[in-house]
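Spelled out from the first residue to the last, the chains are:
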Amino acid sequence: MRRISQVFGLCITLILAFSLVPEVHGMTFNDIGESHRAKEEIFYLATGKIANGDLAGNFKPNSTVTRAEAAAMIGRALQLDGDQRATEFNDVGSNHFASGYIQEAAKLGIITGYRDGSFQPDKPVVRGEMALLISRAFEYNSTTITAASHQLLSMGIAQGMADGSFGAKESIKRSDFAVFLARSINAEMRLLGQEASFNKSRYVTTNNLNFRSGPSTLYSIKGKLNSSDKVKVAYYIGEWAYIESNSKQGFVHSAYLSKTDVTDIEGILKNKTLIIDPGHGDQDPGASGYGLLEKNVVLDTSIRLKNYLEDSPFNVKLTREKDVFLELWERVAFAEENNGDIFISVHANAFNGSATGTESYYYRSANNSYVKESKALATYLQNRLINAWNLSDRGVKEKNLHVLRENSMPASLVELGFIDNKSDNAKLASAEWRQKAAKALYLGILDYYYHYEGLKDISYLYENLGASPSKKLH
Ligand SMILES: [Zn+2]
């Protein structure tokens, strides 16, 4: 049973992968036969409910396109708000079928009315006007009919007339309008040799993102994309991006793509050097309890944190990666020499055996003017640690510590827990819990950059771990 369904599933996948245009189930028009020259484009638009037939099931391919119909088809393609409503035009009332699209398209400057305040919704569209409408709707940025016509010809969207002209003053049939509109939306339908240019790169920022054959959820799913996948973007149809992934082309909703180019994001993050400072080392064991030494616990946790950071474009440097001794001034000198962007020192506490909990520090000093940044960093780290370890929250505190005072970058020191306290010690002693602490520190660092530096495009890094940004601090 299981095997049969798997084979069946594979067949479905293959069918979807190889069909250029989605299968249109049960969709027919009485007047569009199998061999109609615009059949593919008309059904492509009908699938997305961009173009409709009449109630009798006719598409009327040879009828002219009115200005109202053109506004509605373009509006549906862009998923504009088509709810019928009052308009700024004296001849389009709120009960006109296209009033919402006409008003919205006018507001966006895609279509304009006439000087006398009318829109003339029933006036047929001529080819030159159509070229200008398409240029404005899809942001080809032509400002004249001549420029727009040339552009549509050069992009493989429109063909000239038999006499070689564009026929700018000729009225346009519904079937021709459908062909031009479908080719504008989906570059795979353009005339041969007119490839879309995929000149932007973006990260996918969510898992299981549907990759579709058209710019709405009405279109079939060609595949799935996951967080951190890099895709190439050619253009946008409303909120939908026309992308290329693994040499397949199609649409994804742009809300799930990074706002910045992949190379720009990577460039920004590569320039951020994060200094991680495992406390103590060698002859300085730090605190101890139940046979556990602070220097070992914090080194292991820091290396686990380094591993998280090395899976991201951030540049990470540890002050020590072995059991070696470093003076406090050497730790600061290391951070300064490496042009650290932030500094995080990792420690464990000790007191009287009964004290318990996690705390984080920052400091204000003449050297370190990054007080607000340091406090924000400490707070994001503290919140994530409390969340992950669930020890008592001893808070974010100001403390005069050498590595916080002498550094000239946002700096925080975290005390994971009390090594001489039995329950805190149990977590410090566990590789599994140290992994959780490292992940918490990593997420705290992301929170700092996401909120404090406003790097919203690192959301994909959270997604990689199935996490999401914390709440922003006030
Ligand atoms: Zn310490």
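Residues numbered from 1 in each chain as written. Predicted model: local features only at pLDDT ≥ 70, side-chain atom pairs only at ≥ 80, totals over all residues. Heavy atoms only, no water.

Going by what an unreviewed UniProt entry lists, the protein chain is known as N-acetylmuramoyl-L-alanine amidase and is assigned to Bacillus seohaeanensis.

(A) Seen up close, the coordination of the zinc ion. Around the zinc ion, the protein contributes the donor atoms His280 (NE2), Glu294 (OE) and His347 (ND1), which lie 2.0 to 2.1 Å from the metal centre. By relative accessible area, His280 is classed as buried at 18%. Owing to a relative accessible area of 2%, Glu294 belongs among the buried residues under this scheme. (Donors = N, O, S within 2.8 Å, 3.2 Å for Na, K, Ca; no water. Buried < 20%, exposed > 50% of the residue type's maximum accessible area, 1.4 Å probe, protein only.)

(B) Here's a closer look at the environment of Asp341. Looking at the secondary structure, you find Asp341 in the loop between α10 (328-337) and β11 (342-349). Between the C-alpha atoms of Asp341 and Pro278, which are 63 residues apart in sequence, the distance is 17 Å. Sequence-distant contacts of Asp341, defined by excluding residues within four places in its chain, comprise Lys272, Thr273, Met409, Pro410, Tyr449 and Glu453. (Helix = DSSP H or I, 4+ residues; strand = E, 2+ residues; numbered from the N terminus. Contact = heavy atoms within 4.5 Å.)

(C) The domain arrangement of the protein chain, seen in detail. Looking at the assigned domains, one finds that the protein chain contains domain 1 (30-189), domain 2 (200-257) and domain 3 (266-464). Distance between the C-alpha centres of domain 2 and domain 3: 37 Å. Listed per partner, the contact involves eight residues of domain 2 and five residues of domain 3. Both sides together, the interface formed by domain 2 and domain 3 hides about 590 Å², and carbon and sulfur atoms give 40% of it. (Domains from an automatic or database assignment. Buried area = accessible area lost by both parts, 1.4 Å probe.)

(D) Looking closely at the layout of surface pockets. One number sums up the size of the largest pocket: a volume of about 490 Å³. Together, 23 residues line the largest pocket, and Phe138, Glu139, Tyr140, Tyr235 and Tyr236 are the ones closest to its centre. When residues of the lining of the largest pocket are traced back to their parent elements, those giving at least two are α5 (127-137) and β4 (230-237). If you tally residues by element for the lining of the largest pocket, the top one is β4, at three residues. Of the residues contributing to the lining of the largest pocket, the split by class is 12 nonpolar, six polar and five charged. Each of domain 1 (30-189) and domain 2 (200-257) contributes no fewer than three residues to the lining of the largest pocket. (1 Å grid on protein atoms, 1.4 Å probe; cavity = no way out; pocket = protein on both sides within 12 Å on 5 of 7 lines; lining within 4 Å. Points joined across faces, edges and corners; volume = space filled by probe spheres on them. Nonpolar A, V, L, I, M, F, W, Y, C, P; charged D, E, K, R; others polar.)

(E) Region of interest: the pattern of salt bridges. Tallied over the full model, the rule gives 23 salt bridges. Between Asp54 and Lys60 there is a salt bridge, with its nearest N and O atoms 3.7 Å apart. Owing to a relative accessible area of 43%, Lys60 belongs among the partly exposed residues under this scheme. Residue Asp300 pairs with Arg434 through a salt bridge whose shortest N-O separation is 2.6 Å. Within this pair, whereas Asp300 is found in helix α9 (residues 294-310), its partner Arg434 is found in helix α14 (residues 431-452), the two being separated by 134 residues in sequence. (Salt bridge = Lys/Arg side-chain N within 4 Å of Asp/Glu carboxyl O.)

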